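Analysis of the macromolecular model
Chain by chain, the residues:
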Amino acid sequence: MTVIVAMGVSGSGKTTIGTALAEALGVEYAEADTFHPKANIDKMTAGTPLTDEDRAPWLAAIADWIRAHQDTGGVVTSSALKRRYRDVLRGGGDVWFAHLHGDREILAERMQSRSGHFMPVSLLDSQLADLQPLQPDEPGSIFDIRRTPAEITEAALTAFRERA
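Overview of the structure. Residue indices follow the written sequence of each chain, beginning from 1 at its first position. Given that the model is predicted, a residue must reach a pLDDT of at least 70 before its local features are reported, and side-chain atom pairs must reach 80 or more before they are shown or counted; all residues, however, enter totals for whole chains, interfaces and linings. As a rule here, side-chain values cover all heavy atoms of the structure and leave hydrogens and water aside.

Let us now look at the pattern of salt bridges. Each salt bridge in this description consists of a side-chain nitrogen of Lys or Arg and a carboxyl oxygen of Asp or Glu lying within 4 Å of one another. Across all of its chains, the model carries 13 salt bridges by this definition. The shortest N-O distance in the salt bridge between Lys-38 and Asp-42 comes to 2.8 Å. Residue Lys-38 and its partner Asp-42 are both found in helix H2 (residues 38–45); the two are separated by 4 residues, about one turn of the helix. Between Arg-83 and Asp-137 there is a salt bridge, and its shortest N-O distance comes to 2.8 Å. Here the residue Arg-83 occupies a position in helix H4 (residues 83–90), and Asp-137 occupies one in the loop between helix H6 (124–130) and strand E5 (140–144), the gap between them amounting to 54 residues. Each residue is assigned to one of three classes by its accessible area relative to the maximum for its type, calculated with a 1.4 Å probe on protein chains only: buried under 20%, partly exposed between the two thresholds, exposed over 50%. Note on Arg-83: relative accessible area 27%, which makes it partly exposed. Linked by salt bridges that have partners in common, Arg-83, Arg-86, Asp-87, Arg-90, Asp-137 and Glu-138 make up one network. Secondary structure counts use DSSP, requiring at least four H or I residues in a row for a helix and at least two E residues in a row for a strand, with both numbered from the N terminus.

Attention now moves to H4. Every buried residue of H4 is accounted for by Tyr-85, Arg-86 and Leu-89. Across the axial projection of H4, the buried residues extend over an arc of 100°, all falling on one side. For H4, the elements touching its buried residues are strand E1 (3–7), helix H3 (52–68), strand E3 (74–78) and strand E4 (95–101). It is the directions from the helix axis to the C-beta atoms whose arc is reported. The contact rule is simple, with two residues in contact once any of their heavy atoms fall within 4.5 Å.

Working note: non-glycine residues mostly have negative phi, and peptide bonds are mostly trans. We note that Ala-80 has phi near 45°; this positive angle belongs to a residue other than glycine. Along the chain, the position of Ala-80 falls in the loop between E3 and H4. A residue is classified by how much of its surface remains accessible, and Ala-80, at 0% relative accessible area, is buried.

Turning our attention to the pairing of E1. E1 sits mainly inside the fold: 5 of its 5 residues count as buried. Neither face of E1 is open: one carries Val-3, Val-5 and Met-7, the other Ile-4 and Ala-6, and all of them are buried. In the sheet, E1 pairs with E3 via 5 bridges, with the strands oriented parallel. Counted as the bridge partner of Met-7 is Ser-78 from E3. Two strands are said to pair when DSSP picks up at least two bridges between them.

Mapped onto the elements of the fold, Lys-14 is located in helix H1 (residues 14–25). Separated by 3.0 Å, the side chain of Lys-14 and the backbone oxygen of Gly-8 make a polar contact. Under the rule applied, a polar contact is a pair of N or O atoms within 3.5 Å (in protein, one hydrogen donor and one hydrogen acceptor; residues adjacent in sequence only if both atoms are side-chain atoms).

This part takes up the side chain of Ser-12. Mapped onto the elements, Ser-12 comes out in the loop between E1 and H1. When its relative accessible area of 2% is taken as the criterion, Ser-12 is described as buried. Only 2.8 Å separates the side chain of Ser-12 from the backbone oxygen of Val-9, close enough to count as a polar contact. In this structure Ser-12 touches Met-7, Leu-100, Leu-107, Arg-110 and Ile-145, once residues within four positions along its chain are discounted.

Structural data, given as structure tokens:
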């Protein structure tokens, strides 16, 4: 079965949409932040952007989760900023990306208003600089975060179910 990856920069709503998709589909949900080694969390908390090398074990762990859920399906979040990161995730099996996309002002406002998250707003620009939007030849669709979570979830479910 296909695993959905709710992707986008910090503040795009990956957790909100990912949990809603998993609930609607009756599949397991996994939060990408739980796959980060402590060193990555510490680095981001201190306001230091992650490097490709920092992200490698994290991406591998998410790909392993995807691989383990090929029989049942599932939904996992991941910033999946670069195409080569998405290639690693696709290496875990059949995936479909729900790319949550929005402008910097909305993202920053969301990040400032949430509590209990390690990712500081100061890292948003580094994520946006690294972001390579989902391309037409990649499995998935792009969703505008200005829409309500319910609208995004419904649109993502429709696109997922109608995929070729």
